[in-house]
Amino acid sequence: MKKSFALVLVFILSLTMLLSACGSDDKKTEDTPKDTTTTEPAKTEETTADPEPAAEAPKDLSGKLTVWTFATNTHEKMNEAFQAKYPNVQLDFQILSWDDMQKNLKNALATGTGGPDVAMIEGGWFSTMNTGEGLEDLLAAPYNAAELKDKFTDANWQRWHSLDGKKLLGMPWDIPPMVTLYRPDILEENGFPSDPVELGEYIANEDNFLNMAQALKAKGIYILEQNDTIFNLYTSGEGYFDRGLNYIRNNEKFAHGLDLAKKVKQLDLALKDCALWCDGGKQALATGKVAMLYYGGWATGTIKDAAPDTVGKWRTTTLPFGTTAANGGSTMSILSQSQNKELAWEYLKFTLASDEGQLAFVEQGGSPGYIPAWSFPQVADKTQEMLGDQKYNEIWNPLAQKINTLWVSTPFDTDAGTIFSAGIADAIDKNTDSKAALQKIQDDIEAKFKVEKDALKAKLGIQ
């Protein structure tokens, strides 16, 4: 049982870090993992309240454009708007399964043939695609994408660069913030704040959060799924390596987060089940035994599937401890093998970097990372049934603007994550000294990847 539960913990940690958010608010776009990336402060530039008219583009642009995606309800409105603007373009839009998309895209990049003009790339895959060839550098001519940089936060812009930071391999898209999803009725019944702003301020304090966890646990109600949930919250948004391939998960922040996780285990404050995907957890969710969850906004659709009778009973606020992090995100890239690069670039610019295209994305239910869209009335006033018609972007948009650290994807992330998760679980279980545990994890990871890391640094010219 311990071994199988540890595997579940590793799976949940990986899924929590990676799950995507490119889709609709209370509709599930893709039940798939997403990763996070990079490290520069976010811009918070002022924008106009209404969408500006998109610049006129030539109506005679023609040809066939092939686009691959794995998302089932994200592109329809954007595609309709694009084809209205470019009626002579034949859009071959193909929706592949999650597994087929990864397999076919990796094969196309490896062989240089058989791929589309444009591909949607989920954040979790980027670590296998940002150190080689096959994707166009959008900073180079004829794209000159740097002209669009101020339309996105610095973090979101840097996220889709090659590992060495020299090339932009995909246009920024969504930057879904990780948020708290909570049951106001349960909190109110137990004497805790239920207003989103008041609750956010309350749980920013570490002692308040732990006191709430203990008081609710005494009544069989949980605000933590796993023993390490609090650790993941406290350290959210941090990758394993920086752009210089230096290991970055061994510091005071991680040590304190691990101390908190050990306290959670000692006080038995965790549900010790996954509320969104496991049968026992879903039953707890449906019967009001789970009062808080911490994911991207995409999770409202998953909650609806897991516990449909709770529709309208949830609200959203900021994360505990005042932390900010992204929980998902995708990009669209142009393949170097494309014979229609002009069309492909027009498609990317229109769908992801124009008021008109992003308004269509919002109408589809998307959560934009395009800065001007945050001031669209259609975004600012948006509500959803799952959250009791709360204007959730009053919480989410400011969070997205504050995200200044996004995961730097490296080819070592998957295996490093396995070593790291097992080490953290072991330290929690055995109550090992936190600093000693983190040092051992670092030593194990550094030893595992030393030869490969040195080779990659030499290849990319990283000092």
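Up top is the structure these notes are about.
Residues numbered from 1 in each chain as written. Predicted model: local features only at pLDDT ≥ 70, side-chain atom pairs only at ≥ 80, totals over all residues. Heavy atoms only, no water.

A. A look at the overall build of the chain. In terms of helices and strands, the chain carries 17 helices and seven strands. Residues classed as buried in the chain amount to 57% of the 463 residues present. Taking the intrachain contacts of the chain between residues at least 6 apart in sequence as the baseline, contacts between residues at least 24 apart amount to 77%. Element-wise, carbon and sulfur atoms account for 48% of the exposed surface of the chain, whose accessible area totals about 18200 Å². (Helix = DSSP H or I, 4+ residues; strand = E, 2+ residues; numbered from the N terminus. Buried < 20%, exposed > 50% of the residue type's maximum accessible area, 1.4 Å probe, protein only. Contact = heavy atoms within 4.5 Å. Areas by Shrake-Rupley, 256 points an atom, 1.4 Å probe, with all protein chains shown as cover.)

B. Here's a closer look at the sheet that holds strand S5 (residues 292-296). Read from one edge of the open sheet, three strands run S5-S4-S6, paired in antiparallel fashion. Strands with a single pairing partner mark the edges of an open sheet, and in this sheet they are S5 and strand S6 (315-317). Sheet twist, expressed as the average angle between the axes of neighbouring strands with direction ignored, equals 35°. Pairing between strand S4 (residues 178-182) and S6: three bridges, direction antiparallel. Bridge pairing in S6 places Thr180 opposite Thr317. (Pairing = 2+ DSSP bridges. Axes fitted to C-alpha atoms, helices over the stretch in contact; angles between N-to-C directions.)

C. The nonpolar core, seen in detail. With 56 residues, the main nonpolar core has Leu65, Leu138, Met171, Trp345, Tyr347 and Leu348 as its most contacted residues. It is helix H12 (residues 341-353) that provides the largest number of residues to this core, a total of eight residues. Look past the residues within four positions of Leu138 in its chain and what remains in contact with it is Tyr143, Asn144, Ala145, Leu168, Gly170, Met171, Ile334, Trp345 and Leu348. The next biggest cluster of nonpolar side chains, apart from the first, holds 52 residues, and it includes Ile221, Leu233, Phe412 and Ile445. (Core = buried A, V, L, I, M, F, W, Y, C linked by side-chain atoms within 4.5 Å.)

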